[in-house]
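Per-entry structural report
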Amino acid sequence: MKPVCPFVKAARPDEMTSKPVCPFVKYTRPDETNSKKPGENLCKHQQETESKTTGDSATVPPKCPFGYDSETFKLGPFSCIICQALLFESSKCVPCSHVYCKACILRFKDCPICGADIEKIEADSKLQDMVDRFIEGHARIKRSHSNIDKEEEVREKKQVIYADVSLERGAFLVQQAMRAFRAQNVESAKSRLSLCAEDIREQLERMGNTSDLCSQLGAVLGMLGDCCRALGEAGSAVTYFEESVEFLSKLPMDDLEITHTLSVSLNKIGDLKYYDGELQAARCYYFRSLNVRRDAIKHHSDVSSQILDVAVSLAKVADVDRSLGNEDVAVDGFREAVKLLESLELKSEETGLEQRRLSVLEFLKSQLAEKQPDTTQ
Ligand SMILES: [Zn+2]
Ligand SMILES: [Zn+2]
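Residues numbered from 1 in each chain as written. Chains lettered and ligands numbered in written order. Predicted model: local features only at pLDDT ≥ 70, side-chain atom pairs only at ≥ 80, totals over all residues.

**Some details on the overall build of the protein**
Filter applied, for reference: Helix and strand definitions here come from DSSP, where helices need a minimum of 4 consecutive H or I residues and strands a minimum of 2 consecutive E residues; each element is numbered from the N-terminal end. As a rule, residues whose C-beta atom has 12 or fewer other C-beta atoms within 10 Å are exposed, those with 20 or more are buried, and those in between are partly exposed; C-beta atoms are placed from the backbone. In this description, a residue-residue contact is defined by the distance between C-beta atoms placed from the backbone, which must lie within 7 Å.
Across its full length, the protein carries 15 helices and three strands. Across the 377 residues that make up the protein, the buried fraction comes to 40%. In the protein, once contacts between residues fewer than 6 apart in sequence are set aside, the share between residues at least 24 apart is 61%.

Have a look at this one:
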């Protein structure tokens, strides 16, 4: 029988569904929203774009005539109103002819637009071709540039332009992917993210392992792992998460967003191993995640969400220790986590964090109550 840890399920706020963070647009995590000053929410990309456009008009990012920019999105003839993203496997309802993604419309009996009974659905490959070409145009702006002029590309100025365009493009694809993922059109999300990952890899080959590219790829690979997990493809999910870890590990560990993504990817591999009954492997990944988080609080001991993360990691490791029969080690881990959380003082505005603190604390105490009688102090 597979071991099922209730905590593994309970502690899934990290998932893409509940906490979508675009790797290209560094929004604050929901937990931090209140503690940020106004203006800090501006994404890094915007700030960079603004500072560059003031000095040099050549670096103005291209604007999409359709309005499909990273910050805005219009639903148009290429979009599916169910998932609010660009059509994937466009399918036409018969007889009303309204078009949706295949995965989206398959969940309905009546057409969501006109209410007509759906007799059958037919693939609309012509329309899908147009959508795909449109995405290609958006997704490969930089590529067509680099094909035209290989020499110019080497010049530093051009590289700046490419970096800009790539952010726009990456953000666009990730935005589409996150919309589709939230609407449970996982295949669509996976397809957009794969294109995005492919593009970043090409840039990496040309520009080397810059920290921006590594962190973007690490995050996108993590999202691909989420897609595979949602599709029940555990093996591929582990592969993506491991690759995500590989790229994120190349980065300096003083950026909270990066350490968070890294530790989450490690935990997700741990979860998959755990559900697969590979407890020793699961412990190993949870423990690596714990170490990443412990290092992170050395740099940022004042960030409450980091301390919560450490406590969650301690609980995950301790839970596996208990399953492995290492009761004393497990109890030590749970106790350390309780101590951390009890001494954590949150600001009054951090209500979300306080709720999470209390629920983790409750879990930890219930675990300590389950302690074997012969190991009492
Ligand atoms: Zn759709
Ligand atoms: Zn209809």
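And the narrative resumes.
**Here we look at the sheet that holds strand β1 (residues 90-94)**
What counts here: The rule for pairing is simple: two strands pair if DSSP sees at least two bridges between them. To get an axis, fit a line to the C-alpha atoms, keeping to the stretch in contact for a helix; angles then go from 0 to 180 degrees between the N-to-C directions.
Here we have three strands laid out as an open sheet, ordered β2-β1-β3, and antiparallel in their pairing. In this open sheet, the two edge strands, each paired with only one partner strand, are β2 (99-101) and β3 (120-123). Adjacent strand axes in the sheet meet at a mean angle of 40°, parallel and antiparallel pairs treated alike. One ladder, built from three bridges, connects β1 with β2; its direction is antiparallel. The partner of Ser91 across the bridge, within β2, is Tyr100.

**Details of the packing of helix α14 (residues 327-342) against helix α15 (residues 351-369)**
To keep it simple, the criterion reads: Should an angle fall under 35 degrees it is called roughly parallel, over 145 degrees roughly antiparallel, and 65 to 115 degrees roughly perpendicular, with every other angle called oblique. Crossing handedness: left-handed means the near helix sits turned counterclockwise from the far one by under a right angle, and right-handed means the same turn made clockwise. Ten residue types, Ala, Val, Leu, Ile, Met, Phe, Trp, Tyr, Cys and Pro, are classed as nonpolar, four, Asp, Glu, Lys and Arg, as charged, and the remainder, Gly among them, as polar.
It is at 10 Å that the axes of α14 and α15 come closest, and there the two elements cross at 150°. By the angle class used here, α14 and α15 are roughly antiparallel. Like other packed secondary-structure pairs, α14 and α15 cross with a definite hand, here left-handed. For the pair α14 and α15, contact is made by Val331, Phe334, Arg335, Ala337, Val338 and Leu341 and by Arg357, Val360, Leu361, Leu364, Lys365, Gln367 and Leu368, respectively. Class assignment of the residues belonging to the contact of α14 with α15 gives a composition of nine nonpolar, one polar and three charged.

**With respect to the packing of helix α9 (residues 211-230) against helix α11 (residues 256-275)**
Put simply, α9 and α11 touch, their axes get as near as 10 Å, and they point 30° apart. The angle between α9 and α11 falls in the class roughly parallel. Handedness of the crossing formed by α9 with α11: left-handed. In this structure, α9 contributes Ser215, Gly218, Ala219, Gly222 and Gly225 to the contact, and α11 contributes Ile258, Thr261, Ser265 and Lys268. Its residues assigned to classes, the contact of α9 with α11 comprises two nonpolar, six polar and one charged.

**With respect to α14**
Residue pairs spaced three or four apart in an α-helix point in one direction, given the helix's 3.6 residues per turn. Inclusion rule: Under the convention used throughout, the expected extent of a helix is 1.5 Å for every residue step, that is, one less than its residue count. Working note: the arc is built from the helix axis to C-beta atom directions.
Along its 16 residues, α14 runs 22 Å from first to last C-alpha, staying within 8% of the 22 Å computed at 1.5 Å per residue. When we look at burial in α14, the residues that qualify are Ala330, Val331, Gly333, Phe334, Ala337 and Leu341. Buried residues in α14, looked at end-on, bunch into an arc of 160°, giving them a common side. Turned more than 90 degrees away from the buried face of α14, the exposed residues are Asp328 and Glu342. Summarising the contacts, the buried residues of α14 are in contact with α13 (304-323) and α15.

**What about the nonpolar core?**
One broad trend across soluble globular proteins is that nonpolar side chains are buried collectively. Spelled out, the test is: Joining buried Ala, Val, Leu, Ile, Met, Phe, Trp, Tyr and Cys residues through C-beta atoms within 7 Å gives a set, and that set is a nonpolar core.
Cys101, Ala177, Leu193, Val220, Leu224, Ala311 and Ala315 are the most contacted members of the largest nonpolar core, which has 77 residues in total. With sequence-adjacent residues up to four places away left out, Ala177 is seen in contact with Ala189, Arg192, Leu193 and Met223.

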